[in-house]
Amino acid sequence: MAVLKVKFTKTKRDKLAQILWILNWVSVVSGIILFSLGLFLKIEIKKRNEVMAKGDINSVPNMLISVGVIACIINFLGGKICYDCSDANKFSRWKLVMLPYIICTFCFTFCILVGSLMCYTMRNELEESLYLGLRDAIKFYKDTDIPGRCFLKKTVDLLQIGFRCCGNNGFRDWFEIQWVSPRYLNMASKEVLDRLKSNVAGKFLVDGVPFSCCNPSSPRPCIQYQLTNNSAHYNYDFLTEELNIWMKGCREALLDYYTGIMRSIGIAALLIWLFELSVLIGVRYLQTAMKNVLLLGDLEGESDGWLLENSFVETAKYNINIIKNLGKANQISTVSSMNDPNINVQNTDCGKTNVTTKSIPEAR
């Protein structure tokens, strides 16, 4: 029994073809939107690739870009097919193409769904990439004279100012690394030498942060050095008083920023998937209705259209049997070739034929 069978008159078939022609052109626009969203996300990731470790974080924008391009091509072809389907004579040349087209379009719409879901599952990979990338960027903050690292200080400072963050997980990350370049340390100073000797690794560690961690909205002048020393500042207690530096880590700030972008893109991709699915259902109805009207031979009469010719269970069993028979066909051909007695039989005559010669009696 057909699934969701609908009866179409000649007028309904023509209107359906015209509506689908318009919707396919709208789908071309939706493909452009998908392409633009993927390109926007790729550019946003590339802007801060210096503070991101290499990984699969570009898989989502690359997939959206690819799906957007395919959407424009498929829907452009679908618009042409639906426009011709308004005429039964023109439909005959698309009759063999429509079913493969519907199958390919179904796979394509499934890719849109996967892309929208990937926008929500990318958070863990992005968080790990940001953690490793920011850790290395902060570590090489002082290396302004080394090629390949000379711009990291500027990148990290602009990042902390723009996203109102400090450090990787927080401002205390700066306490664990030497972020002041040795060229700006006075090696004749006893305080500097004592700090270098007090550390096992020989690093100049201070309880301070770069200027970019300062919160300009704080009424108090920024305290960026000796943050944990209450006696170094008047009327100051770092345990109870809110510090006038950014408290949020840059990993959390960037993660929230990209999560918001991907959530919006995921919702847009999901809406486009629902729209593409509705167009695909309409094309399937048009294909079955036009196919049946050709079988009936009455181009002006009514015809049935459906999503599936048989029930879901029967259709699934039919497709599974096709797959099984394909495997059995290969096995049978192999076994039959092994059991064929006419294969690999050597000819001992070597091309010669032994003919028994009989003596012809002499005529008397």
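First, a word on scope: everything that follows refers to the structure included in this document. (Residues numbered from 1 in each chain as written. Predicted model: local features only at pLDDT ≥ 70, side-chain atom pairs only at ≥ 80, totals over all residues. Heavy atoms only, no water.)

1. Considerations on the overall build of the chain
Operational definition: Numbering of helices and strands starts at the N terminus; helices are DSSP runs of H or I of at least 4 residues and strands are runs of E of at least 2. Here's how the labels work: a residue is buried when its accessible area is under 20% of the maximum for its type, exposed when over 50%, partly exposed in between, all with a 1.4 Å probe on protein chains only. Pairs of residues are marked as contacts when any of their non-hydrogen atoms sit within 4.5 Å.
A tally of helices and strands in the chain yields nine helices and two strands. Element order for the chain, N to C, with α for helix and β for strand: β-α-α-α-α-α-α-α-α-β-α. Across the 364 residues that make up the chain, the buried fraction comes to 38%. When contacts within the chain are restricted to residue pairs at least 6 apart in sequence, long-range pairs at least 24 apart make up 73% of them.

2. A closer look at the pattern of salt bridges
Quick reminder of the rule: For salt bridges, the criterion is a side-chain nitrogen of Lys or Arg within 4 Å of an Asp or Glu carboxyl oxygen.
Scanning the model with the defined rule gives 11 salt bridges in all. A salt bridge links Arg-135 to Asp-136, with the nearest nitrogen and oxygen atoms 3.7 Å apart.

3. Structural notes on the environment of Met-187
Along the chain, Met-187 falls in the loop between α6 (152-163) and α7 (190-198). Overall, Met-187 belongs to the partly exposed group, its relative accessible area being 41%. Ignoring any residue separated from it by four or fewer positions in sequence, one finds Met-187 in contact with Pro-182, Val-192, Leu-193 and Leu-196.

4. Some points on the packing of aromatic side chains
Quick note on the threshold: Note on aromatic pairs: the rings of Phe, Tyr and Trp (six-membered ring only in Trp) are paired at centre separations within 6.5 Å, and the planes decide the class, stacked below 30 degrees, edge-to-face beyond 60, tilted for the rest. Either the NZ atom of lysine or the CZ atom of arginine qualifies as a charge over a ring when it sits within 6 Å of the ring centre and within 35 degrees of the ring normal.
Applying the stated rule across the entire model yields nine aromatic pairs. Ring geometry for Phe-8 versus Tyr-285: centroids 6.0 Å apart, planes at 55°, classification tilted. Of this pair, Phe-8 sits in strand β1 (residues 6-8) while Tyr-285 sits in helix α8 (residues 250-296), and the two are 277 residues apart along the sequence. In terms of burial, Phe-8 and Tyr-285 fall into one category: buried. With a centroid separation of 5.3 Å and an interplanar angle of 80°, the aromatic rings of Phe-163 and Tyr-257 are classed as edge-to-face. One end of the pair, Phe-163, is in helix α6; the other, Tyr-257, is in helix α8, and 94 residues separate them in sequence. In this structure Tyr-257 comes out as partly exposed when scored by relative accessible area, which is 29%. Aromatic ring contacts, followed pair by pair, group Tyr-141, Trp-174, Trp-179 and Tyr-225 into a single cluster. Looking at Arg-149, its charged tip hangs above the ring of Phe-140, at a distance of 3.7 Å from the centre.

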